[in-house]
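Each chain is listed here by its residues.
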Amino acid sequence: MSDVSQPGPQVAGASITAKRLASGMLGYASGLPLLLVGGTFAFWLREAGVSLQVIGLLSWASIAYSLKFLVAPLMDAYALGFFGRLVGRRRAWILLAQTGVTVGLALMAFGDPAANLTLAALACFLTAGASASQDAAVDGWRVEVAGTEEQGLLVAAYQLGYRLAMLTAGAGALYIAQGFGWVGAYSTMAAIMAVVALVTATLVPKTPRDGEPNDAAAREGALAAPVKDLVALVKTTPIATLAMIGLYRVPDQLANVMSSPLYKDLGFTNVEIANVTKVFGVVLGIAGAFLGGFLLTRLRPKTVLIIGIIASAATNLFYSALASAGHSIAWLTATIGFDNVASAIAGTALIAFMSKLAASEFSATRYAVLSSIYALPGHLLAGGSGFVASATGFQLYFVLTFISGLPALLLCLAMRDEGAGDQRQPAQDHERAAEGGDGQGA
């Protein structure tokens, strides 16, 4: 396995400020579709009278984010021909994926779940697939464009853009839907994504590895190389560490699927939900991201991971209390505030930890697999969340999701302080490298 203590390649002519700006824009592009196939879509589904069981099953669209490792080796090996040679391999893949997201959102705009649930579902899966491909390309760009000592700064910028996109796709979409309907909301989001693609194409610096092997044999070798590197990563990373990554965000993922139906069933209006969960919540999420980055500069990564899993799991007890309290703006505000700060800290810790593990010549493949490991268990379990919530009621359901954080906590406690894959690095290198973060919820 590559020695992750070695600084990554630097981009000639691209300052850290330019890289951070580009990372923030790409974070916005990655964050925009997430709620539109997740929480915001769940609002629309519940408003259209779709059952909890179906809402839970449609959350499986997010499994696409767990399968992005399948396309990542292609991104590491191929430059998309003339287009890739013209704009750069990483940028070419990013723009192709952003085009797919734009088309998918446009189709969702005209897939009214009340009239044509099948079209809405297919468009949702298409959007999620293109969004996951975009994430794989962006992850590879971020890890590859800068050395490990700059990764924390890029992740913090990415997190900021990501949260602002969630504000757009959350509060923005709900406000538009209130005045112009869901078709107007999703059409607007598709237009925004098209503009974002044009803007990011001009801001994103090229990486040093924008070339493509010239002959077929070389390309085959280039495609096999990331797979071999991935095998080396898995062999040298303790199973307990991989299990921790896989279970770390399960409490968040299980809560996210049923939180939107909960708000609707408790009688909150779109405007109330937008004001509290999407505006106030995003502001708290940004604050939580910076708090997580600050903690990573002062504490060991293991300690911040432990703080993150405890806080994010405890959030679900707030949701249980909200279900008991009913239509209470005070309880909703408290729940959303704690949730966003806790989730941001947990996401910051985990993404910085995985970025260190992913540092290698084949960063897109490595990071895609690691992020797939963290996303897949929760997304698979979330498909049955509607059946459990219907059987137990929201109060007990969220208590059960709180308990689901226990395995990850135990694995964090058992993990070596150095962190897997960084056993040759002093702890202070971790602290320099991780000053920001992000996460993913659906």
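Rules behind the numbers
- Residues numbered from 1 in each chain as written.
- Predicted model: local features only at pLDDT ≥ 70, side-chain atom pairs only at ≥ 80, totals over all residues.
- Heavy atoms only, no water.
- Salt bridge = Lys/Arg side-chain N within 4 Å of Asp/Glu carboxyl O.
- Helix = DSSP H or I, 4+ residues; strand = E, 2+ residues; numbered from the N terminus.
- Buried < 20%, exposed > 50% of the residue type's maximum accessible area, 1.4 Å probe, protein only.
- Axes fitted to C-alpha atoms, helices over the stretch in contact; angles between N-to-C directions.
- Parallel < 35°, antiparallel > 145°, perpendicular 65-115°, else oblique.
- Contact = heavy atoms within 4.5 Å.
- Polar contact = N/O pair within 3.5 Å; in protein donor to acceptor, adjacent residues only side chain to side chain.
- Left-handed = near helix turned anticlockwise from the far one by under 90°.
- Nonpolar A, V, L, I, M, F, W, Y, C, P; charged D, E, K, R; others polar.

Enquirer: How should I be thinking about the pattern of salt bridges in this particular structure?
Expert: Where charged atoms from two side chains of opposite charge come close, those side chains can pair. In total, this model carries three salt bridges according to the counting rule given. Between Lys 264 and Glu 47 there is a salt bridge, and its shortest N-O distance comes to 2.9 Å. Linking Lys 264 in helix 11 (residues 250–265) with Glu 47 in helix 2 (residues 39–47), this pair joins segments that are 217 residues apart in sequence. A residue is classified by how much of its surface remains accessible, and Lys 264, at 18% relative accessible area, is buried. Relative accessible area serves as the criterion here: at 44%, Glu 47 is assigned to the partly exposed category. In this structure, Arg 249 engages Asp 252 in a salt bridge whose closest nitrogen and oxygen atoms are separated by 2.6 Å. Both residues of the pair, Arg 249 and Asp 252, belong to the buried class.

Enquirer: Help me understand the packing of helix 13 (residues 301–325) against helix 17 (residues 394–403), please; the structure alone is not making it clear to me.
Expert: When two helices pack together, their arrangement is given by the angle between their axes and by how far apart the axes lie. Remark: helix 13 packs on helix 17, axes separated minimally by 8 Å, with the N-to-C direction vectors making an angle of 175°. With respect to helix 17, the axis of helix 13 lies roughly antiparallel. Side by side, helix 13 and helix 17 meet where Ala 313, Ala 314, Asn 316, Leu 317, Tyr 319, Ser 320, Ala 323 and Ser 324 of the first sit next to Phe 394, Gln 395, Phe 398, Val 399, Thr 401 and Phe 402 of the second.

Enquirer: Can you walk me through the environment of Ile 403 in this structure?
Expert: As for its placement among the helices and strands, Ile 403 is situated in helix 17. With 87 residues separating them along the chain, Ile 403 and Asn 316 place their C-alpha atoms 9.1 Å apart.

Enquirer: I'm lost on the side chain of Thr 277 in this one. Help?
Expert: Tracing the chain through its elements places Thr 277 in helix 12 (residues 270–298). Residue Thr 277 is classed as buried on the basis of its relative accessible area, which comes to 8%. Within the structure, the side chain of Thr 277 is placed 2.5 Å from the backbone oxygen of Ile 273, a separation counted as a polar contact. With residues up to four places along the chain from it excluded, the contact list for Thr 277 reads Tyr 263, Glu 272, Val 282, Leu 332 and Ile 336.

Enquirer: I'm lost on the packing of helix 11 against helix 13 in this one. Help?
Expert: Taken N-terminus to C-terminus, the directions of helix 11 and helix 13 make an angle of 25°; their axes are 10 Å apart at the nearest point. By the angle class used here, helix 11 and helix 13 are roughly parallel. Pair helix 11 / helix 13 crosses with left-handed handedness. Contacts between helix 11 and helix 13 involve Pro 251, Asp 252, Ala 255, Ser 259, Leu 262 and Tyr 263 on the former and, on the latter, Ile 309, Ser 312, Ala 313, Asn 316, Tyr 319, Leu 322 and Ala 323. By residue class, the composition of the contact of helix 11 with helix 13 is nine nonpolar, three polar and one charged.

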